[in-house]
Amino acid sequence: MSALSTIAAGRQAEEGVQVAQVPHGTLRRALRLLGVSRRQVAASITVGTLALGSAIALAAVSAWLIARASQMPPVMTLSVAAVAVRTFGISRGVLRYVERLISHDLALRGMTTLRTTVYARLADGKAEAVLRVRRGDLLARVGADVDAVGDLVVRGLVPAGVALALGIGTSIAMGLFWPPAGLALALCLVVAGVVAPALTSRGVRTAESRASDARARMTATALGILDDAGPLAVAGRTDAELAGLARQDARIAAAVDAGARPTALAAGLGVLAQGVAVLVALVTGIPAVRSGLLAPVELAVVVLTPLAAFEATSVLPMAAVQVQRSRAAAARILALLDSTGTPDTGAVVVDEQAPSAPVSHVPLPRPLVAQSLACGWSDGPAVLTEVDLELTVGRSLAVVGPSGVGKTTLLLTLAGLLPPKDGQVLLAGVPMSDLPRPDVVRTVVATTEDAHVFGTTVLENLRVARGDVTPEQAHLALARVGLGDWVAQLPDGLDTLLGPDARTVSGGERRRLLLARALLADSPLLLLDEPGEHLDPASADRLVADLLRDHEGRGVLVVTHRLAPLAAADEVLWIEDGRVAARGTHDELLARVPGYAAAAHQERTDGEEAE
Amino acid sequence: MKPLDPKLLTYARAARGYLVLTVTTGLVTAGLVVTQALLLGRTLGGAVHDGLDLNGAATAITWLVVVVAARFLVTTVQERFAHRAATAAVNELREQVVEHGTRLGPRWLAGGEGPALVTLATRGLDALQPYFVNYLPQLVLAATLTPATLLVVLSFDWLSAVIITVTIPLVPIFMILVGKLTQGRSEKGLAAMERLGSQVLDLIAGLPTLRALGRQAGPVRRVQELGDAHRRATMGTLRIAFLSGMVLELLTTISVALVAVTIGFRLVYGDVDLVTALTVLVLAPEVFNPLRAVGTQYHASTDGVAAAEAAFTILETPVPPRGQTPCPDLRRARVRLDGVGVRSSGGWTPQGLDLELAPGTVTALVGRSGIGKSTAVDVVLGLLGPDAGAVTVVPEHGTPVDLREIDPRSYWDQVSWLPQRPFLEPGTVHELVGDVDPVARDRAAALTGLDQVVAGLPDGWQTALGTGGTGLSVGQRQRVALTRALLTPAPLVVLDEPTAHLDASGEQVVLDTVGALREAGSAVLLVAHRASLVRTADVVVQVRAGADDEAPADSPDVVARASTDDDAARLV
């Protein structure tokens, strides 16, 4: 059959989670999250059984009809069988169609439930769980992995259930005619439906585990050759690299070959089992007919029925592969869900009348205070320590330092999206972790570098920050960040649809759109991450200076790596070597801190050169 | 789209042997299936009708055992080699596509079809696996088993053969009809499906943003609604898509049922005998089985066929011919560009570029980004042929040779190139810088600042680095590459923005290296942004772009020898 090939096809090496690492009970947990009802699964299996059962019944009744007809009975005695044969001929196709629709509907419902559950738990759980996952990975978990778990129903559960029901039914039916034939059929079905899938499963596992490393290296080598084609050619290394590619390919081939042995044996066993079932029925049946234990007509039935009885088991090797794949996908999804720290309560049911979370109002003024704050990711070291700062309404702060010193991490911690490693963040005197999240967000809003632009209109994208933004307010905010001309030349203005994740806008436009969104939020305190990124230095500096100077009665904290616009800030925090190395106004720092002055000088010279 | 493209056999040699094997097993399978039906029909007919006993049936049963064993063997062998051949064929195509890609050159790879080639080589071609393993054998069986069984049926009972023969063409006709009738609807359905699917993913991708703004709770219901809408759209499409499968199954099963009923009634009247009837009954489904399998595997195969066609398109893209003339010794020859222009989407970048690279001279290319400096470097290196003008190598004594006629290997052997993102082959740091005397090595490393990098590595000079210099930052890799350039001075050294990833101290390293290379008599070509670099150059060349129809400007490219800081700053 086709097991190995489909698993090998299109599978990315990094997704090759070793089956051995998947914890027990993974599938059961994942199935529970799909929320598929037993009744619906049973319905699909029943219809599927009737469909394939029609094919077996067609074979059995045809055999009976022909054997009986050869005894030249009155035609009337055959009419019921003749009608039955035609009926089975039609019902097989129709019922199979119905079964496919039922099982696919079931699987799609399960996928929706699982996706909703994943979303709900990511939304409720620890913010870090979402921030940690790379965007591509998140989409893979929610996209392809959820599909793979859903496929378990269509390609794993239902075929297995149908094969089991039919196997038992056919074996019993044949056993009623002639017990040895029924027994032989049952044993052969076990070989085709249990042993063969197990072998296939082993083959696929072997191939996967041996090939995954070679596949990753092959991909890296091929990418390297194509990315660096020029340098490799000039350095005379192209042939050596191509030979390296061929070596990795040979390793993949060896791994697939190793897995092909059990898989091929499994395919052969399927054919062998069918042949043996027919042979046993024939060899035991002929003497039984002679001794009168079996009617001659029945001999034709018990010998010919097995020819049709193996259709259900023939798809089981593929089903075994699907189960493995679904398990690996389920393990990845469950790991993501577990990282949110939310309780595993099974499938989430969306409450139609979900009350909005109660909002208590934190009184004004609401200073955001960091005390001896250390910040970093939970499983990493603290990247910044001993940070003290106070952001109040009407003040502007700038956090500045070379890239990679942890400025963004600080911003996420101040926004309450990462827990502090040490020290605390207080909002209106209360530790942020003790406040309900809605209260925090009503006071402090952070915009991050990688914030998402939704695949909807410009206006709706701005309304993500606040649901009641009017077109006028939207225009004002866009003009403030220098996007006035941009929105004016869009075909539908504010109602222009943006592509998913804003692939249709440039980096600078995207950045400023996100900034406009943050400015429209209700919150009195704004934390802005590199608002001038992707802009040319002059425009970036103008924008940052404007944000720091004119903040409309709000408190603004800007994280940036450029120093030029910081004269507009009330206070500048200069980050160096994992701590706040100096603080004060721009002019004070220029006079007092040699490192700061040097950086400012370097920035100026580079700027002149760039012009 | 052809079900079996002959080109596949041309490009993938593994596919040839495999096709022979598959046709052989197909023919053998056809023979075995027919033999099994004949033996079963005879034995069973005898036992049911004529009271045949086990002794009388012994020969036939023995042969049946042989047939069953042989079918087991044939199936196992076919499957065993299908995977091997498929992997070999995919690998062959991959290696050819990648090799052809390198011969088409970096510019082609960076262009429109380049990224598609990467996807094809790393993942796309794997779709051929199911094509080879599942689809091709069934296709071959449809061409062997189906006609063979039909002929046997015909030889036994012409009426059954007629029923089957009438059905066979109905299968494709009905499937095409269903396909045509439903095409528009299912395309619309597919589009709706994709849109809804991407909307759900969009919401989930935006979850961190929604959280940061405190608006994550609302969309839970939206995710579910979109999921439900997606399900309805999908089911609408599937209802139609599964129709063709139903037609296929209906036609084939009804045909078998009709054969059984017709032959049954004729038995009653004694028109046919039982052996014939049983043989035909066993054979009738076998006629259709390969057709049904081809139908169900069809979709799996289309991706593979598409991938193969994409590969053929790439492999048939013509490669510029390689020169044969050995390159003159660059230690005593100059590389000259006369009026070089390269056509790009926006016009000419660069346009009308004249420059001369002479031993012991440092030449700097300047100009704003996107004007074609790196393109000019590709032209100098012979990786890209100019669309206008010429590149020649001018020996001290003798006639100039066009770079196109020069064997690239003999040219590149004399060139050392430091691209913006230096590539390092696997090896220890010591090997990477040229495996030279440690004293010279340490002196060079002190100059380039590599000594500090090495001091931070776990095994010092013996630290093994992976492909691409994994574990080193771009700046560190640049120092390795600079040290190598210094230790094994090539007659022509090309440095593309060597200070891009370096701070002030790193920049000094580059300046010192360039000075040392000039001392050693190399011709150095710099692509420069920073004034400090431009200052070190003996000759500064301004790169210019031009509109499509613009005549080449005739003002000199070689602007000046930048002697003062002001000049340098003005030029950049």
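Everything numeric here is computed off the predicted structure, so don't read it as measured data. (Residues numbered from 1 in each chain as written. Chains lettered and ligands numbered in written order. Predicted model: local features only at pLDDT ≥ 70, side-chain atom pairs only at ≥ 80, totals over all residues.)

Undergrad: Help me out: how do you make sense of the overall build of chain B in this one?
TA: Looking only at helices and strands, one finds 19 helices and 14 strands in chain B. Radius of gyration (C-alpha) of chain B: 36 Å, far over the 25 Å computed for a compact globule of 572 residues. With respect to the principal axes defined by its C-alpha atoms, chain B has extents near 115 × 60 × 55 Å. Relative to its 572 residues, chain B shows a buried fraction of 49%. Within chain B, counting contacts between residues at least 6 apart in sequence, those at least 24 apart form 79% of the total. (Helix = DSSP H or I, 4+ residues; strand = E, 2+ residues; numbered from the N terminus. Rg over C-alpha atoms; globule rule 2.2 N^0.38 Å. Buried ≥ 20, exposed ≤ 12 C-beta atoms within 10 Å, placed from the backbone. Contact = placed C-beta atoms within 7 Å.)

Undergrad: What is the right way to look at the overall build of chain A in this model?
TA: Of regular secondary structure, chain A possesses 22 helices and 10 strands. Taking all 611 residues of chain A together, 54% fall into the buried category. When contacts within chain A are restricted to residue pairs at least 6 apart in sequence, those whose partners lie at least 24 apart make up 77%.

Undergrad: Help me out: how do you make sense of the sheet that holds strand E1 (residues 333-341) of chain B in this one?
TA: Sheets are built from strands paired through backbone hydrogen bonds, the pairs being either parallel or antiparallel. Residue and element names in this part refer to chain B. Strand order in the open sheet made by the 4 strands is E4-E1-E6-E7, with antiparallel pairing throughout. Pairing within the sheet leaves two strands with one partner each, and these edge strands are strand E4 (353-357) and strand E7 (401-402). As judged from the 7 bridges shared by E1 and strand E6 (residues 388-395), these two strands associate in the antiparallel manner. Residue Val335 lies in a different strand from E6, and its bridge partner there is Val393. (Pairing = 2+ DSSP bridges.)

Undergrad: Help me understand the nonpolar core, please; the structure alone is not making it clear to me.
TA: Taken as a class, soluble globular proteins show a tendency for nonpolar side chains to be buried jointly. Grouped together as the largest cluster of nonpolar side chains are 378 residues, with contacts concentrated most on Ile66 and Ala300 of chain A together with Ala89, Ala364, Val494 and Leu526 of chain B. Take this core: its biggest share by element is 25 residues, from helix H9 (residues 238-290) of chain A. Filtering out sequence-adjacent residues up to four positions away, Val494 of chain B remains in contact with Val377, Val380, Leu381, Val415, Trp417, Leu418 and Leu525 of chain B. (Core = buried A, V, L, I, M, F, W, Y, C linked by C-beta atoms within 7 Å.)

Undergrad: Even after reading the chapter, I still don't get the environment of Gly341 of chain B, so can you show me in this structure?
TA: All names here are of chain B. If you trace the backbone, Gly341 turns up in strand E1. In the structure, Gly341 is positioned 204 residues away from Ala545 in sequence and 8.6 Å away in space, judged by C-alpha atoms. Excluding its chain neighbours within four sequence positions, the residues that come into contact with Gly341 are Trp348, Pro350, Gln351, Gly352, Pro386, Asp387, Ala388 and Gly389.

Undergrad: Before we go on, may I ask you to explain the packing of helix H3 (residues 54-104) of chain B against helix H6 (residues 128-156) of chain B in this structure?
TA: The relative placement of two packed helices is expressed as an angle between their axes plus a distance between the axes. Residue and element names in this part refer to chain B. With their axes 8 Å apart at the nearest point, H3 and H6 run at an angle of 140° to one another. Along this stretch, H3 crosses H6, giving a crossing that reads as right-handed. Only Leu128, Gln129, Phe132, Val133 and Pro137 of H6 make contact with H3, whose side of the interface consists of Gln78, Ala82, His83, Ala85, Ala86, Ala89 and Val90. Grouping the amino acids of the contact of H3 with H6 by side-chain chemistry returns 9 nonpolar, 3 polar and no charged. (Axes fitted to C-alpha atoms, helices over the stretch in contact; angles between N-to-C directions. Left-handed = near helix turned anticlockwise from the far one by under 90°. Nonpolar A, V, L, I, M, F, W, Y, C, P; charged D, E, K, R; others polar.)

Undergrad: What am I meant to see in the environment of Ala81 of chain A here?
TA: Residue and element names in this part refer to chain A. Following the sequence through the fold, Ala81 ends up in helix H4 (residues 76-124). Taking the number of C-beta atoms within 10 Å as the measure of exposure, Ala81 has 19 and is therefore partly exposed. Placed 302 residues apart in sequence, Ala81 and Val383 show a C-alpha to C-alpha distance of 81 Å.

Undergrad: Before we go on, may I ask you to explain the interface of chain A and chain B in this structure?
TA: Accessible area lost upon the coming together of the parts is a frequently used measure of interface size. Contacts between the two partners involve 123 residues from chain A and, on the opposite side, 114 residues from chain B. In terms of residue class, the side of chain A that touches chain B is built from 80 nonpolar, 25 polar and 18 charged.

Undergrad: Looking at this structure, I do not really get unusual backbone geometry. What am I missing?
TA: The bulk of non-glycine residues show a negative phi, and the bulk of peptide bonds are trans. Cis geometry marks the peptide bond from Thr349 of chain B to Pro350 of chain B, where omega comes out at -5°. Take Pro350 of chain B: it is sitting in the loop between strand E3 (347-348) and E4. Located in the positive-phi region is Ser372 of chain A, a residue other than glycine, with phi close to 40°. Along the chain, Ser372 of chain A falls in strand E1 (residues 368-375). Residue classification places Ser372 of chain A among the exposed residues on the basis of 12 C-beta atoms within 10 Å.

Undergrad: Explanation requested: helix H13 (residues 316-339) of chain A in the structure shown.
TA: Between the first and last C-alpha of H13 of chain A there are 34 Å, a value that for 24 residues agrees with the 34 Å anticipated at 1.5 Å per step. For H13 of chain A, the buried fraction is high: 19 of the 24 residues fall into the buried class. (Expected span 1.5 Å × (residues − 1).)

Undergrad: Explain the packing of helix H7 (residues 179-227) of chain A against H9 of chain A here, please?
TA: All names here are of chain A. One can describe the packing of H7 onto H9 by two numbers: an axis separation of 8 Å at closest approach and a directional angle of 175°. The angle between H7 and H9 falls in the class roughly antiparallel. Grouping the constituent residues of the contact of H7 with H9 by class yields 33 nonpolar, 13 polar and 8 charged. (Parallel < 35°, antiparallel > 145°, perpendicular 65-115°, else oblique.)

Undergrad: Explanation requested: helix H14 (residues 407-414) of chain A in the structure shown.
TA: Within H14 of chain A, 8 of the 8 residues are buried, which leaves the element mostly enclosed by the surrounding structure. Positive backbone phi, at 80°, marks Gly416 of chain A, one or two positions downstream of H14 of chain A.

Undergrad: Mind showing me how you'd approach the pairing of E1 of chain A here?
TA: Strand residues, when the strand is regular, have side chains that alternate between the two faces of the sheet. Residue and element names in this part refer to chain A. Across 5 bridges, E1 lies against strand E4 (residues 422-427) in antiparallel orientation. When the bridges of E4 are listed, Ala370 appears paired with Val425. For E1 and strand E2 (residues 384-391), the ladder comprises 5 bridges, and the chain directions are antiparallel. Considered in E2, the bridge of Ala370 is made with Leu389.

Undergrad: Explanation requested: the confidence of the model for chain A in the structure shown.
TA: For residues with low pLDDT, the predicted coordinates do not support detailed interpretation. All names here are of chain A. When pLDDT is averaged along chain A, the result is 84; 90% of the residues meet or exceed 70. Highest mean pLDDT in chain A belongs to helix H3 (residues 38-69) (94); lowest belongs to helix H1 (residues 3-8) (41). Below a pLDDT of 50 lies the segment residues 1-20, which in the model reaches 62 contacts outside its immediate sequence neighbourhood of four places, other chains included. (pLDDT = per-residue confidence, 0-100.)

Undergrad: Explanation requested: the confidence of the model for chain B in the structure shown.
TA: Residues and elements named next belong to chain B. For chain B, the mean per-residue pLDDT works out to 83, and 90% of the residues sit at or above 70. Element-level mean pLDDT values for chain B span from 48 in strand E14 (residues 558-560) up to 93 in H3. In this model residues 559-566 is a low-confidence stretch, pLDDT under 50, and it forms 16 contacts with partners more than four residues away in sequence or in other chains. For this predicted complex, the interface confidence comes out at an ipTM of 0.81, alongside a pTM of 0.77.

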